[in-house]
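# Report on the structure
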Amino acid sequence: ATQIAEATMSIYPNPVEGGNVNLHLDNQAKGNYSVQITNTAGQTIHTENVQVENNNTLRTIKIGAVATGNYQATVTDETGDKTTIGFVVK
């Protein structure tokens, strides 16, 4: 039987330091994804498009100097499916 690799999205390291969010997209369908980063107040602090072309895509998103606390990255694929990943900024 063919083993289907699990599609995952993660942010590493978490907590984030230095204003760089490393977004790992593993075994995702190829295509253009949009990433929206929001704070706990629901304000969008950063948006970016990520092109996925292979099974192991790493994108470093530079959010710069933001307040410490909890944030969410919402990744939307071409079909409109959303995946939300929570992370902490130190």
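Scroll up a little and you will see the structure.
To start, this report covers the structure provided alongside it. (Residues numbered from 1 in each chain as written. Predicted model: local features only at pLDDT ≥ 70, side-chain atom pairs only at ≥ 80, totals over all residues. Heavy atoms only, no water.)

## Notes on the nonpolar core
Our working definition: Here, nonpolar core refers to any group of buried Ala, Val, Leu, Ile, Met, Phe, Trp, Tyr and Cys residues whose side-chain atoms link them within 4.5 Å. Under the scheme applied here, a residue whose accessible area is under 20% of the maximum for its type counts as buried, over 50% as exposed, and between as partly exposed, the area being computed with a 1.4 Å probe on protein chains only. Strands here are runs of E lasting at least two residues and helices are runs of H or I lasting at least four, both read from the DSSP assignment and numbered beginning at the N terminus. The contact definition used throughout considers only heavy atoms, calling two residues in contact when any of these lie within 4.5 Å.
Within the largest apolar cluster, 19 residues are counted, with the highest numbers of intra-cluster contacts made by Ile11, Leu23, Val35, Ile37 and Phe87. Where this core is concerned, the elements lending two or more residues are strand S1 (8-11), strand S2 (20-26), strand S3 (31-39), strand S4 (44-52), strand S6 (69-76) and strand S7 (82-89). In this structure isoleucine 37 touches Gln43, Thr44, Ile45, His46, Ile61, Ile63, Tyr71, Gln72, Ala73 and Phe87, once residues within four positions along its chain are discounted.

## Some details on the pattern of salt bridges
For side chains bearing opposite charge, pairing can occur when the charged atoms are close. The condition is simple: Criterion for a salt bridge: a side-chain nitrogen of Lys or Arg within 4 Å of a carboxyl oxygen of Asp or Glu.
Summed over all chains, the structure comprises one salt bridge. One salt bridge in this structure joins glutamate 48 and arginine 59, with 3.0 Å as the shortest N-O distance. With a gap of 11 residues between them, glutamate 48 in strand S4 and arginine 59 in strand S5 (residues 56-62) connect regions that are remote in the sequence. The exposure class of glutamate 48 is buried, given its relative accessible area of 17%.

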